[in-house]
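Structure assessment
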Amino acid sequence: MVGIHVQTPGANVVSIQGAPAATLTGAELSLAFNDGPLAVSPTSPQGVPVQHNVTISDGPSAVASSGADIIFGGSANDTLNGGGGNDTLTGAAARIPQSIPASSATTVSR
């Protein structure tokens, strides 16, 4: 688990590429990684080092890629568009109109 403080999440959209799971509570972003058996090593109590390349964007619009994206809407009226991967789009407290093709691998929550 990696914790990140987001400077201005309020009305902004927070976009993440490269993390399998994330939660955003206020300004605190948590990223979860599952390194499986690599996290345990018989010769090193810290496990085997594993590098994760993650991009986090905080701005007025979502940043989507062709990979798996996690996008958190802000407190404003946001239009959230995923890219080409398995995307998770999460709105703030507002209603999310859903218009997703049946062939899409996008998850929408509020």
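This structure is a prediction, so every number in the text was calculated from the model and none was measured.

Quick notes on the sheet that holds strand S1 (residues 2-5)
With antiparallel pairing, three strands are arranged side by side in an open sheet as S1-S4-S3. Strands at the two margins of the open sheet, each flanked by one partner only, are S1 and strand S3 (21-25). The mean inter-strand angle of the sheet, taken between neighbouring strand axes irrespective of direction, is 20 degrees. Two elements, S3 and strand S4 (residues 28-32), share five bridges in a ladder whose sense is antiparallel. Each bridged residue has a counterpart across the sheet, and for threonine 25 the counterpart in S4 is glutamate 28.

Some remarks on the confidence of the model for the protein
When pLDDT is averaged along the protein, the result is 74, and 74% of the positions lie at 70 or above. By mean pLDDT, strand S8 (residues 107-109) is the weakest element of the protein at 51, and S4 is the strongest at 89. Contacts of residues 94-104 to residues separated by more than four positions or lying in other chains number ten contacts, the stretch itself having pLDDT below 50.

Notes on the side chain of serine 15
Relative to the helices and strands, serine 15 is located in strand S2 (residues 13-17). Within the local environment of serine 15, its side chain forms a polar contact with the backbone nitrogen of valine 63, the two atoms lying 2.9 Å apart. Not counting residues within four places of it along the chain, the set of residues in contact with serine 15 comprises Thr55, Ile56, Ser57, Ala62, Val63, Ile70 and Ile71.

Structural notes on the nonpolar core
If you look at soluble globular proteins, the nonpolar side chains tend to sit buried side by side. Counting residues in hydrophobic clusters, the biggest one holds eight residues: Val6, Val14, Ile16, Ala19, Leu29, Leu31, Ile70 and Phe72. Going through the elements one at a time, S2, S4 and strand S6 (69-72) are the ones with two or more residues in this core. In this structure isoleucine 70 touches Val14, Ser15, Ile16, Ala19, Pro20, Ala21, Ala22 and Thr88, once residues within four positions along its chain are discounted.

Description of the environment of methionine 1
Within the secondary structure, methionine 1 sits in the segment before S1. Owing to a relative accessible area of 75%, methionine 1 belongs among the exposed residues under this scheme. The sequence separation of methionine 1 and serine 30 amounts to 29 residues, and the corresponding C-alpha distance is 6.7 Å.

Some thoughts on the side chain of glutamine 17
Considering the arrangement of structural elements, one finds glutamine 17 in strand S2. At a separation of 3.4 Å, a polar atom in the side chain of glutamine 17 contacts the side chain of aspartate 69.

Rules of the game
Residues numbered from 1 in each chain as written. Predicted model: local features only at pLDDT ≥ 70, side-chain atom pairs only at ≥ 80, totals over all residues. Heavy atoms only, no water. Pairing = 2+ DSSP bridges. Helix = DSSP H or I, 4+ residues; strand = E, 2+ residues; numbered from the N terminus. Axes fitted to C-alpha atoms, helices over the stretch in contact; angles between N-to-C directions. pLDDT = per-residue confidence, 0-100. Contact = heavy atoms within 4.5 Å. Polar contact = N/O pair within 3.5 Å; in protein donor to acceptor, adjacent residues only side chain to side chain. Core = buried A, V, L, I, M, F, W, Y, C linked by side-chain atoms within 4.5 Å. Buried < 20%, exposed > 50% of the residue type's maximum accessible area, 1.4 Å probe, protein only.

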